[in-house]
Amino acid sequence: MTKGIFISLEGPDGAGKTTVLNKLLPALEKRHSAGVVTTREPGGVMIAEAIREVILDVNNTAMDSKTELLLYIAARRQHLVERVLPNLESGKLVLVDRFIDSSVAYQGAGRGLSSEDIKWLNTYATDGLEPDLTLLLDIESELGLSRIAQNSDREVNRLDLEKIDMHQRVRQGYLELAQENPERIKIIDASNDIETVVSEALKAIEAVLKPSKDA
Ligand code: TYD
């Protein structure tokens, strides 16, 4: 068993994950003295960042959906072994921007691959490790996409070029996952203002920061 606390942040594009993550960080550092590590998928370590470049390259329009899935899974495995597990072993709180649920929502609900296959591949890559808590920042697709359009600093990736119905399927996929995993996944309404979203997120995190786990 790992000693730290593992939290994943999930949601459709434009939900504001990155902003929320940055705002959560100082508050979490105060609460978890053993330390907090924030990281992201796909990427977070050198090999996984190299895989990320291949997946998100706007020129790779010929990429097959199963190839794409396997690349995400490969990036997940490497990131888990190199970054997540060692930090959990040393008692840290690891907050990861996207994890297993992204594959089910995007490659399953979004692209139409079998969610059973994806869940099996996730288990294979993670040896069955699941987050203690997953925050799902839920947002209506139109609003999420309009936020992306307004944010000119954000890199435009291959997936941003997808049509609205793909984004809607992804959102539905996430909501179904939340229904299937009510203990682990907490839905947060990301259409609210940032302060409300962050305070809701903190409330959910407090519940898993049990005193015995806090080194
Ligand atoms: P990124 O620029 O990190 O987007 P965001 O800031 O919204 O997280 O790009 C990650 C993209 O990869 C995002 O569109 C979701 C997608 N993705 C999948 O399709 N499957 C996965 O398993 C993961 C981890 C990400």
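Per-chain numbering applies: the sequence of each chain, read as written, is numbered from 1 onward. Two thresholds apply to this predicted model, a pLDDT of at least 70 for residue-level local features and 80 or more for giving and counting side-chain atom pairs, whereas whole-chain, interface and lining totals are computed over all residues. Heavy atoms from the whole structure form the basis of all side-chain values; hydrogens and water molecules are not counted.

1. What to know about the UniProt feature "binding site: ATP" (unreviewed entry) in the chain
Okay, so step 1: UniProt positions are given in the numbering used here, feature names are shortened, and annotations may be inferred rather than shown by experiment. Following the UniProt record, one finds the feature "binding site: ATP" (unreviewed entry) at G11, P12, D13, G14, A15, G16, K17 and T18.
Okay, so step 2: Note on placement: D13 falls in the loop between β1 (5–10) and α1 (17–31).
Okay, so step 3: Each residue is assigned to one of three classes by its accessible area relative to the maximum for its type, calculated with a 1.4 Å probe on protein chains only: buried under 20%, partly exposed between the two thresholds, exposed over 50%. On the basis of relative accessible area, D13 is assigned to the buried category, the value being 9%.
Okay, so step 4: Residues adjacent in sequence count toward polar contacts only when both atoms are side-chain atoms; beyond that, a polar contact is any pair of N or O atoms within 3.5 Å, and within protein one must be able to donate a hydrogen and the other to accept it. Reaching out from D13, the side chain makes a polar contact with the side chain of Y106 at a distance of 2.4 Å.
Okay, so step 5: Considering the arrangement of structural elements, one finds G14 in the loop between β1 and α1.
Okay, so step 6: Between two residues, a contact is recorded if the distance between any of their heavy atoms is within 4.5 Å. Residues within four places of G14 in sequence aside, it is in contact with I139, G144, R147 and I148. In this text, helices come from DSSP runs of H or I with a minimum length of four residues, and strands from runs of E with a minimum of two, each type numbered from the N-terminal end.

2. Regarding the side chain of S8
Okay, so step 1: Here S8 lies in strand β1.
Okay, so step 2: Taking relative accessible area as the criterion, S8 reaches 0% and is therefore assigned buried.
Okay, so step 3: Separated by 2.8 Å, the side chains of S8 and T134 make a polar contact.

3. So, the packing of aromatic side chains
Okay, so step 1: Planes of paired rings set the category: under 30 degrees apart is stacked, over 60 is edge-to-face and the rest tilted, where pairs are Phe, Tyr or Trp rings (Trp by its six-membered ring) whose centres lie within 6.5 Å. For the structure on display, the rule yields three aromatic pairs.
Okay, so step 2: Aromatic side chains F6 and F99 sit 5.0 Å apart centroid to centroid with 75° between the ring planes, which places their arrangement in the edge-to-face category. Highlighted residues: F6 in strand β1 and F99 in the loop between β3 (93–97) and α4 (100–110), separated in sequence by 93 residues. Judged on exposure class, the residue F6 and its partner F99 are both buried.
Okay, so step 3: On the basis of an interplanar angle of 85° and a centroid distance of 6.3 Å, the ring pair of Y106 and Y174 is categorised as edge-to-face.

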